[in-house]
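Take a look at the letters that make up each chain.
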Amino acid sequence: MTAVEARNETLWNGIPIDIRKSITDAIRYIVHYHEPYKIEIYKSVYPDVFIGIEDTILKLKGLGYGVEYIDNCDIVDGKLIISW
């Protein structure tokens, strides 16, 4: 394993399981998604994902994902948009 692979694996494993599962499911069923690929995770559905969200955002960006975090807007309590 190279240093880059080790770093990426460490970053990936540090991301909450619900986010990892959402990303891998999206990739597995990519036929149902359109480019640019994205998933949306809502705080009301996965509140644990939003604990330490700043750290998670940094890890996702370190892996090359586009990340947008919307906190307490009029429509939702919090939303994380991940794209690639």
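Higher on the page you've got the structure.
What counts and how
Residues numbered from 1 in each chain as written. Predicted model: local features only at pLDDT ≥ 70, side-chain atom pairs only at ≥ 80, totals over all residues. Heavy atoms only, no water. Salt bridge = Lys/Arg side-chain N within 4 Å of Asp/Glu carboxyl O. Helix = DSSP H or I, 4+ residues; strand = E, 2+ residues; numbered from the N terminus. Buried < 20%, exposed > 50% of the residue type's maximum accessible area, 1.4 Å probe, protein only. Pairing = 2+ DSSP bridges. Axes fitted to C-alpha atoms, helices over the stretch in contact; angles between N-to-C directions. Contact = heavy atoms within 4.5 Å.

Participant: Any chance you could break down the pattern of salt bridges for me, citing the residues and the numbers?
Facilitator: The final tally for this structure, using the stated rule, is five salt bridges. The residue Asp25 makes a salt bridge to Arg28 at a minimum N-O spacing of 3.1 Å. One end of the pair, Asp25, and the other, Arg28, are both in helix α2 (residues 17-28), three residues apart, so they sit about a helical turn from each other. A residue is classified by how much of its surface remains accessible, and Asp25, at 23% relative accessible area, is partly exposed. With a relative accessible area of 54%, Arg28 lands in the exposed category. Between Lys59 and Asp55 there is a salt bridge; the shortest N-O distance is 3.1 Å. Here Asp55 and Lys59 lie together in helix α3 (residues 53-62), a separation of four residues that amounts to about one turn. For Lys59, a relative accessible area of 17% gives the class buried. Overall, the relative accessible area of 40% leaves Asp55 in the partly exposed class. Shared partners join several salt bridges into a network, and the residues in it are Lys21, Asp25 and Arg28.

Participant: Kindly report on the sheet that holds strand β1 (residues 38-42), identifying the contributing residues and their values.
Facilitator: Reading across the sheet, the three strands line up as β1-β3-β2 and stay open at both edges, with antiparallel pairing between neighbours. Edge positions in the sheet fall to β1 and β2 (66-71), since each of these pairs with one other strand and no more. Across the sheet, the mean angle separating the axes of adjacent strands is 15 degrees when strand polarity is ignored. Sheet analysis places β2 next to strand β3 (residues 78-83), joined by six bridges and oriented antiparallel. Bridged to Val67 within β3 is Ile82. Along the sheet, α2 contacts β1 and β3; its crossing angle with β1, the most-contacted strand, is approximately 150 degrees. Across the face of the sheet, α3 comes into contact with β2 and β3 while running at roughly 160 degrees to β2.

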